[in-house]
Amino acid sequence: MSVTERASTVDVVVDDTAAAAGAAAGRTAAEALTRVLAEKPRARVIFASAPSQEQMLRTLGEDPRIDWTRVTSLHMDDYLELDPAHPASFGTWLAERLPAEAQAGLDRIRQDVDPDGEVRRYSELLAGEPVDLVCLGIGVNGHIAFNEPGDTDFEDPALVRKIELTHASRQQQVDEGLFPSIDDVPTHALTLTVPAMLSAGSLVCTVLGDAKADAVAATLTGPVTTDVPASAMHTHPDVVVHLDAAAAAQLPAHLRSGGRTR
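These numbers were taken from a predicted model, which means no experiment stands behind them. (Residues numbered from 1 in each chain as written. Predicted model: local features only at pLDDT ≥ 70, side-chain atom pairs only at ≥ 80, totals over all residues. Heavy atoms only, no water.)

*Asks:* How do you make sense of the overall build of the protein when you look at a structure like this?
*Replies:* Helices and strands together make up the secondary structure of the protein, namely eight helices and 12 strands. Relative to the compact-globule value of 18 Å for 262 residues, the protein shows a C-alpha radius of gyration of 17 Å, a close match. Its C-alpha atoms put the protein at 50 × 45 × 35 Å along the principal axes. Taking all 262 residues of the protein together, the buried fraction comes to 55%. At a minimum sequence separation of 6, the contacts of the protein that also span at least 24 residues come to 80%. Total accessible area on the protein is roughly 10,700 Å²; 51% of this is exposed by carbon and sulfur atoms. (Helix = DSSP H or I, 4+ residues; strand = E, 2+ residues; numbered from the N terminus. Rg over C-alpha atoms; globule rule 2.2 N^0.38 Å. Buried < 20%, exposed > 50% of the residue type's maximum accessible area, 1.4 Å probe, protein only. Contact = heavy atoms within 4.5 Å. Areas by Shrake-Rupley, 256 points an atom, 1.4 Å probe, with all protein chains shown as cover.)

*Asks:* So what exactly am I meant to see when it comes to the packing of aromatic side chains here?
*Replies:* Applying the stated rule across the entire model yields four aromatic pairs. Taken together, a centroid distance of 5.9 Å and an interplanar angle of 50° make the contact between Tyr79 and Phe146 tilted. Linking Tyr79 in strand E5 (residues 77-79) with Phe146 in the loop between strand E6 (133-136) and strand E7 (160-164), this pair joins segments that are 67 residues apart in sequence. The two residues Tyr79 and Phe146 agree in class, both being buried. Through a chain of ring-to-ring contacts, the aromatic side chains of Tyr79, Phe90, Phe146 and Phe179 assemble into a single cluster. (Phe/Tyr/Trp six-rings, centres within 6.5 Å; stacked < 30°, edge-to-face > 60°.)

*Asks:* Quick question: what am I supposed to make of unusual backbone geometry here?
*Replies:* The phi torsion of most residues other than glycine is negative, and most of the peptide bonds are trans. With phi around 65°, Glu81 is a residue other than glycine that occupies positive phi space. Note on placement: Glu81 falls in the loop between E5 and helix H3 (90-95). Given a relative accessible area of 55%, Glu81 falls into the exposed group. The residue Ala145 is not glycine, and still its phi comes out positive at about 50°.

*Asks:* So what exactly am I meant to see when it comes to the sheet that holds strand E2 (residues 11-15) here?
*Replies:* Read across the open sheet, the seven strands follow the order E4-E3-E6-E9-E11-E2-E12; overall the sheet is mixed. Strands at the two margins of the open sheet, each flanked by one partner only, are strand E4 (71-75) and strand E12 (259-260). Pairing analysis gives five bridges linking strand E9 (residues 202-207) to strand E11 (residues 239-244), with the strands arranged parallel. Its bridge partner lying in E11, Thr206 is registered against His242. (Pairing = 2+ DSSP bridges.)

*Asks:* Which parts of the structure should I look at to understand the nonpolar core?
*Replies:* Looking at soluble globular proteins, one finds that nonpolar side chains tend to be buried together. One finds Met76, Leu192, Met233 and Leu243 to be the most contacted residues of the largest nonpolar core, which totals 45 residues. Listed by contribution, the elements that provide at least two residues to this core are E2, helix H4 (115-128), E6, strand E8 (188-192), helix H6 (194-198), E9, helix H7 (213-221) and E11. Not counting residues within four places of it along the chain, the set of residues in contact with Leu192 comprises Ile46, His75, Met76, Ile109, Tyr122, Leu126, Ala145, Asn147, Leu159, Val160 and Met197. Grouped together as the second largest cluster of nonpolar side chains are 24 residues, Val36, Leu60, Leu98 and Leu133 included. (Core = buried A, V, L, I, M, F, W, Y, C linked by side-chain atoms within 4.5 Å.)

*Asks:* Sorry, what's going on with the sheet that holds E8 here?
*Replies:* For sheets, the rule is that strands pair by backbone hydrogen bonds, running either parallel or antiparallel. Spatial strand order, E5-E8-E7: three strands in an open sheet with antiparallel pairing. Two strands bound the open sheet, and with one partner strand each, they are E5 and E7. Sheet twist, expressed as the average angle between the axes of neighbouring strands with direction ignored, equals 20°. With three bridges connecting them, E5 and E8 associate as antiparallel partners. Residue pairing for E8: Asp77 is matched across the bridge by Thr191. (Axes fitted to C-alpha atoms, helices over the stretch in contact; angles between N-to-C directions.)

*Asks:* I tried to follow the pairing of E2 on my own but got confused; where do I start?
*Replies:* Consecutive residues of a regular strand have side chains that alternate between opposite faces of the sheet. The alternating pattern of E2 places Val12 and Val14 on a buried face, while none of Asp11, Val13 and Asp15, on the opposite face, is buried. Alignment of E2 against E12, held across two bridges, turns out to be antiparallel. Opposite Val12, over in E12, you have Gly259 as the bridge partner.

*Asks:* What is the right way to look at helix H1 (residues 18-39) in this model?
*Replies:* Compared with an ideal rise of 1.5 Å per residue, which puts 22 residues at 32 Å, H1 spans 32 Å between its outermost C-alpha atoms and is within 8% of the ideal. Buried residues of H1: Ala21, Gly22, Ala23, Ala24, Ala25, Gly26, Ala29, Ala30, Ala32, Leu33, Val36 and Leu37, and no others. (Expected span 1.5 Å × (residues − 1).)

*Asks:* Would you explain the packing of H1 against helix H2 (residues 54-61) in this entry?
*Replies:* The packing of two helices is summarised by the inter-axis angle and the distance between the axes. It is at 7 Å that the axes of H1 and H2 come closest, and there the two elements cross at 45°. The angle between the axes of H1 and H2 places the two elements in the oblique class. For the pair H1 and H2, the sense of crossing is right-handed. From H1, Ala19, Gly22, Ala23, Ala25, Gly26, Arg27, Ala29, Ala30 and Leu33 reach across to H2, where they touch Gln55, Met56, Thr59 and Leu60. Of the residues that constitute the contact of H1 with H2, the class distribution is eight nonpolar, four polar and one charged. (Parallel < 35°, antiparallel > 145°, perpendicular 65-115°, else oblique. Left-handed = near helix turned anticlockwise from the far one by under 90°. Nonpolar A, V, L, I, M, F, W, Y, C, P; charged D, E, K, R; others polar.)

Below, the structure is given as C-alpha cells:
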C-alpha cells in the first residue's frame, strides 16, 4: 500500500435516480468535449465500458454540438481470453453504444493478438497525442479501469499493462448481468494504468447503485491510497463525480446533496 497527499478537491453531483445521474454526467462530458473541439481540430476521449455508463453515453452521443468525425475514442480495459465479438467484450460493448459517426474513430484494444504486442501498440497510441477527457466509473472494490487494490502503482511508468482480475471484480461482472457465472468471466485483462488515465485534461466519473456506496465513500472521504485505486482522482485538478442517491448513501451529509470534497 502507498498513501499520497490529496492535491485537489473533487466536485460531487448527486441526483435522485440512476437515469438522472447518468444524464447529468453525459451533459458534463459533452460540455468538456465541446470546449476541446472549439479549441482543437480533434479530441481524444477514453471511455469505460460498463452498465453504469449507459445513460451517460446516450446523453453524450445525442448532443448535437459534437462532431464525432473529429473524435478519437479509446477504451480503458478489455479481457484477454475472450472472443472480441462476445457481447461482454468491452470494445464491442462500447462500439454498440457510441454514435454511428464515432465508429471510424474508435480504436479498440485487440484481444486476438499477442498481449505483449498489444500492450506496446496501445501504449504508443496513448502516448502519441494528449488525452482530453476520460469517462470512467468505480468498481465495487474501488478499482478504476482494472487497476485493482493491492496491484496498483500511482507512479507506474507504463501506460498499459496485463493484470489478473480479483474475485470481486469478476463477481461484479456476474452481478451486473454480463456473464452467467463467475467461471465464465476471464481471469486476465489488459488495462490502462492510473497515470495513463490521470494524464487526461478532464475526468467525468459516473457511479450508480447501492453496491458501489462503500467504494464511493472510501474514494471520496478516505485517504489517497492504492488500497482504493479510485482515490487517485484526488490528485487530478479537474474531476466531476456524478452519483445517484444509492451510490451516495454512505457519504457525509455535506456530500450527499452534492458539493466538493474537503
